[in-house]
Amino acid sequence: MYTVGDKLELRKEHPCGGKIWEVLKAGVDTRIKCLTCGRVILLPREKLLKQIKKTMHK
Ligand SMILES: [Zn+2]
């Protein structure tokens, strides 16, 4: 599991080429920010959990 401030490596690349995201808000919907381009998106937790390759705790 992840918490706010953790960095996540996802299986799928963002269109910008980035794979590392920072958790801004955890919950049923999780807000994550792409550390390569700065884009913020909201994803359902269940969907995000399947996408996580690696969790880097702060
Ligand atoms: Zn990006």
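Residues numbered from 1 in each chain as written. Predicted model: local features only at pLDDT ≥ 70, side-chain atom pairs only at ≥ 80, totals over all residues.

Observations regarding the overall build of the protein
A tally of helices and strands in the protein yields one helix and five strands. In the protein, the succession of helices and strands from N to C terminus is β-β-β-β-α-β. A compact globule built from 58 residues would reach a C-alpha radius of gyration of about 10 Å, and the protein, at 10 Å, matches this within 12%. By its C-alpha atoms, the protein is 25 × 20 × 20 Å across when sized along the principal axes. Within the protein, buried positions represent 12% of all 58 residues. Relative to all contacts within the protein whose residues are 6 or more apart in sequence, the contacts with residues 24 or more apart total 24%. (Helix = DSSP H or I, 4+ residues; strand = E, 2+ residues; numbered from the N terminus. Rg over C-alpha atoms; globule rule 2.2 N^0.38 Å. Buried ≥ 20, exposed ≤ 12 C-beta atoms within 10 Å, placed from the backbone. Contact = placed C-beta atoms within 7 Å.)

Some remarks on the sheet that holds strand S1 (residues 7-10)
A sheet is described by the order of its strands in space; here five strands give the open sequence S4-S3-S2-S1-S5, paired in antiparallel fashion. Every other strand in the sheet has two partners, leaving strand S4 (40-44) and strand S5 (52-56) as the edge strands with one partner each. For this sheet, the mean inter-axis angle between neighbouring strands, taken without regard to orientation, is 35 degrees. Of the strand pairs in this sheet, strand S3 (residues 29-34) and S4 are connected by five bridges, and their pairing is antiparallel. The residue bridging threonine 30 from the neighbouring strand is leucine 43, located in S4. (Pairing = 2+ DSSP bridges. Axes fitted to C-alpha atoms, helices over the stretch in contact; angles between N-to-C directions.)

Focus on the pairing of strand S2 (residues 20-25)
By the bridge criterion, three bridges tie S1 to S2 in an arrangement that is antiparallel. Looking across to S2, one finds that leucine 8 is bridged to tryptophan 21. Two strands pair when backbone bridges link them, and S2 and S3 are joined in this way by four bridges, in the antiparallel orientation. The residue of S3 that forms the bridge with tryptophan 21 is cysteine 34.

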